[in-house]
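Take a look at the letters that make up each chain.
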Amino acid sequence: MDAADMGQDLSSVLIPEEDLQTKIKELAGKIDADYAGKDLLIVGVLKGAVMVMADLARALHVPVHMDWMAVSSYGAGTKSSGVVRVLKDLDTDIAGRHVLVVEDIIDSGLTLSWLMNNLKSRNPASVEICTLLRKPDAVKVPIDVRYVGFDIPNEFVIGFGLDYDERYRNLPFIGTLAPHVYGGE
Ligand SMILES: O=P(O)(O)OC[C@H]1O[C@H](OP(=O)(O)OP(=O)(O)O)[C@H](O)[C@@H]1O
Ligand SMILES: Nc1nc2[nH]cnc2c(=O)[nH]1
Ligand SMILES: [Mg+2]
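Just so we're clear, the structure is a prediction, and the values are computed from it rather than from any experiment.

Parameters at a glance
Residues numbered from 1 in each chain as written. Chains lettered and ligands numbered in written order. Predicted model: local features only at pLDDT ≥ 70, side-chain atom pairs only at ≥ 80, totals over all residues. Heavy atoms only, no water. Pairing = 2+ DSSP bridges. Helix = DSSP H or I, 4+ residues; strand = E, 2+ residues; numbered from the N terminus. Axes fitted to C-alpha atoms, helices over the stretch in contact; angles between N-to-C directions. Contact = heavy atoms within 4.5 Å. Phe/Tyr/Trp six-rings, centres within 6.5 Å; stacked < 30°, edge-to-face > 60°. Buried < 20%, exposed > 50% of the residue type's maximum accessible area, 1.4 Å probe, protein only. Lys NZ or Arg CZ within 6 Å of the ring centre and 35° of its normal.

(A) Structural view of the sheet that holds strand 7 (residues 147–151). Spatially, 4-3-2-5-6-7 is the arrangement adopted by the six strands of the open sheet, whose pairing is mixed. For this open sheet the edge positions go to strand 4 (85–88) and strand 7, each flanked by a neighbour on one side alone. Averaged over all adjacent pairs, the angle separating strand axes in this sheet is 25 degrees, with direction ignored. Here strand 3 (residues 64–72) pairs with strand 4 via three bridges, running antiparallel. Bridging from a neighbouring strand, serine 72 pairs with arginine 85 of strand 4. Docked against the sheet, helix 3 (residues 110–120) engages strand 2 (40–46), strand 3, strand 4, strand 5 (98–106) and strand 6 (126–134), running at close to 170 degrees with respect to strand 5.

What follows is the structure, given as structure tokens:
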């Protein structure tokens, strides 16, 4: 599916595919430098982080282990419920490990704030965050983020892993959804 196929659902392309790929390679370069000589576990937060995790992992040169957690706080809406549900836990014991959490977006920050507390209680050697997108104007809880791709405006975005009611995750770019799709103005 491309922008043309989306017809009237898409309001605009916010970040084109090429810019996403360039940025992910840049982030991978920083991570490679910071974790040289270390044993790194990258943890993707399902489902949104699937695309960034897959592309980031392939752009990294340091050896990595990969694991996944599935958490959800948005359900079918465009607002965080604030209640984080763990749908799948890690398979890995992270005690003593260097962990890098990979996310698609920090919006209110509620998901990652909860997740970081949860992961820190398991005594990793270190735990840091890499997020492709962040909405500075929407953050409700301060989060210490080591790697950020793009700071974006406070609009509901879709594509590159991000869904609206489970649709649009497969778009190769980040777009904004036309308000009529989710009942806005
Ligand atoms: O900073 P926050 O306001 O907490 O929002 C960010 C979270 O919301 C989305 O996940 P969602 O709960 O929609 O699940 P999904 O990844 O399966 O789509 C996104 O992937 C982040 O995990
Ligand atoms: N699809 C999507 N999911 C989100 N979860 C938190 N913020 C967003 C957003 O802007 N878009
Ligand atoms: Mg998510």
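(B) Main features of the packing of aromatic side chains. In the structure shown here, the tally under the stated rule is one aromatic pair. Taken together, a centroid distance of 6.0 Å and an interplanar angle of 85 degrees make the contact between phenylalanine 156 and tyrosine 164 edge-to-face. With respect to burial, phenylalanine 156 and tyrosine 164 carry one shared label: buried. Directly above the ring of phenylalanine 150 sits lysine 23, whose terminal nitrogen or CZ lies 5.0 Å from the centroid.

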